[in-house]
Amino acid sequence: MAAQNSKLWHLEQINLFKNLSDQELEELNELTVMKTADKNQFIYFPKEPSKILFFLKAGRIKIGSYSQDGKEVIKAILYPGEVFGEMGIVGEESRKDFAVAMDSDTRMCTLHVDQFKKMMHENSELSLEVTKNIGEKLRNIERRLESLIFKDARERIIDFMKEMALKYGKKIGVEVLVKHDLTHQDIANLTATSRQTVTTVLNDLKEKDLIYMERKRFLIRELDNLA
């Protein structure tokens, strides 16, 4: 148990560091600082300097922004093993989004951008992994923009459920179980719909026996048939 609470053990679980040697992990361990956050605590705000990277080990992080009328727009929900705040690597000077902890005892390791850039310069494999990570996030943003333009609310909600299933679901035969802890309002914010629309769509899918729902989880009967 003590080993699992150590900073080094946390770093070993981060997807980005899967190819680092033991020595490189030890060096990273010396540079990083472990931090914790309570539920609903902000990690950073828009317009803050983009100088720190965060490596998430426990809990979930919500990344979002606010519209001109003050409405919260959720851009991503991050889970353990993911990196956030990394746009400073590619030249972002100040944050465009906010990051807030969604769970109690959320744990993350932090590292200064300049220190991480030095590591990337010395390790081509790590540099490639970072490039792939940022590229995938930018592609996700592009897909979401296309979804907003070309798809209706129902399609966006279903696409979100499929994405959750593919990224975090557990296959049980032809079915996929997804544990998520998201409220209907969270899903609405993630899909640019309303809470009422989310409830209506989920109830319709349930009535058609395409999904089975319980609190904090849903079961997709067959992914290809979800429509």
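Quick caveat: nothing in here was measured; it's all calculated off a predicted structure. (Residues numbered from 1 in each chain as written. Predicted model: local features only at pLDDT ≥ 70, side-chain atom pairs only at ≥ 80, totals over all residues. Heavy atoms only, no water.)

Caption draft 1: Quick peek at helix α7 (residues 195-207). In this model α7 runs 18 Å from its N-terminal to its C-terminal C-alpha over 13 residues, within 8% of the 18 Å that 1.5 Å per residue would give. Residues V198, V201, L202 and L205 constitute the buried set of α7. Here the buried residues of α7 occupy an arc of 95° about the axis, which is enough to place them on one side. Residues of α7 that are exposed and angled more than 90 degrees away from the buried face: Q196 and E207. (Helix = DSSP H or I, 4+ residues; strand = E, 2+ residues; numbered from the N terminus. Expected span 1.5 Å × (residues − 1). Buried < 20%, exposed > 50% of the residue type's maximum accessible area, 1.4 Å probe, protein only. Arc of directions from axis to C-beta.)

Caption draft 2: Structural detail: the confidence of the model for the protein. The predicted model of the protein has a mean per-residue pLDDT of 88, with 96% of residues at 70 or higher. Between the elements of the protein, mean pLDDT differs from a low of 70, seen in helix α1 (residues 7-12), to a high of 97, seen in strand β2 (residues 42-44). (pLDDT = per-residue confidence, 0-100.)

Caption draft 3: The arrangement of the layout of surface pockets in detail. A volume near 470 Å³ is recorded for the second largest pocket. The wall of the second largest pocket is formed by 23 residues, among which R60, D181, L182, T183 and D186 lie closest to the centre. Put simply, the parts of the chain that give the lining of the second largest pocket at least two residues each are β7 (98-101), α6 (184-191), β11 (211-214) and β12 (217-220). Broken down by element, the residue count for the lining of the second largest pocket peaks at 3 residues, all from α6. (1 Å grid on protein atoms, 1.4 Å probe; cavity = no way out; pocket = protein on both sides within 12 Å on 5 of 7 lines; lining within 4 Å. Points joined across faces, edges and corners; volume = space filled by probe spheres on them.)

Caption draft 4: How the structure looks around a negative patch on the surface. On the surface, a cluster of negative charge is contributed by E12, D22, E26, E27 and E30. No other element matches the 4 residues that helix α2 (residues 22-31) contributes to the negative patch. Along the chain, the position of D22 falls in helix α2. On the basis of relative accessibility, which here comes to 63%, the residue D22 falls in the exposed class. (Patch = residues over 30% accessible without salt bridge, like charges linked within 9 Å, V, L, I, M, F, W, Y side chains within 5 Å. Areas by Shrake-Rupley, 256 points an atom, 1.4 Å probe, with all protein chains shown as cover. Salt bridge = Lys/Arg side-chain N within 4 Å of Asp/Glu carboxyl O. Lys, Arg positive; Asp, Glu negative; His and termini not counted. Charge placed at Lys NZ, Arg CZ, Asp CG, Glu CD.)

Caption draft 5: Fine view of the packing of aromatic side chains. Applying the stated criterion to the full structure yields 10 aromatic pairs. On the numbers, 4.9 Å between centres and 10° between planes, the contact of F54 with F84 is stacked. Residue F54 is found in strand β3 (residues 52-58), and its partner F84 is found in strand β6 (residues 83-84); the two are separated by 30 residues along the sequence. By relative accessible area, which is 7% here, F54 ends up buried. The exposure class assigned to F84 is buried, which follows from its relative accessible area of 1%. Taking 4.2 Å as the distance between ring centres and 40° as the angle between the ring planes, the aromatic pair formed by Y79 and Y168 counts as tilted. You can see Y79 sitting in the loop between β5 (72-78) and β6 and its partner Y168 sitting in helix α5 (residues 153-168), a full 89 residues away along the chain. For Y79, a relative accessible area of 11% puts it in the buried group. Against the face of Y44 rests R95, its NZ or CZ located 4.1 Å from the ring centre. (Phe/Tyr/Trp six-rings, centres within 6.5 Å; stacked < 30°, edge-to-face > 60°. Lys NZ or Arg CZ within 6 Å of the ring centre and 35° of its normal.)

Caption draft 6: Quick peek at unusual backbone geometry. Non-glycine residue D105 carries a positive phi angle of around 55°. Within the element layout of this structure, D105 appears in the loop between β7 and β8 (106-112). At D181, a position not held by glycine, the phi torsion is positive, near 65°. Mapping D181 onto the fold places it in the loop between β10 (175-179) and α6. You can call D181 partly exposed: its relative accessible area is 35%.

Caption draft 7: Inspection of the sheet that holds strand β9 (residues 170-172) at higher detail. Taking strand neighbours across the sheet as the criterion, the 4 strands line up as β9-β10-β12-β11 in an open arrangement whose pairing is antiparallel. The open sheet has two free edges, formed respectively by β9 and β11, since each of these has just one partner strand. Strand after strand, the sheet turns through a mean of 20° between neighbouring axes, direction not considered. One ladder, built from 3 bridges, connects β9 with β10; its direction is antiparallel. For K171, the partnering residue across the bridge sits in β10 and is V176. (Pairing = 2+ DSSP bridges. Axes fitted to C-alpha atoms, helices over the stretch in contact; angles between N-to-C directions.)

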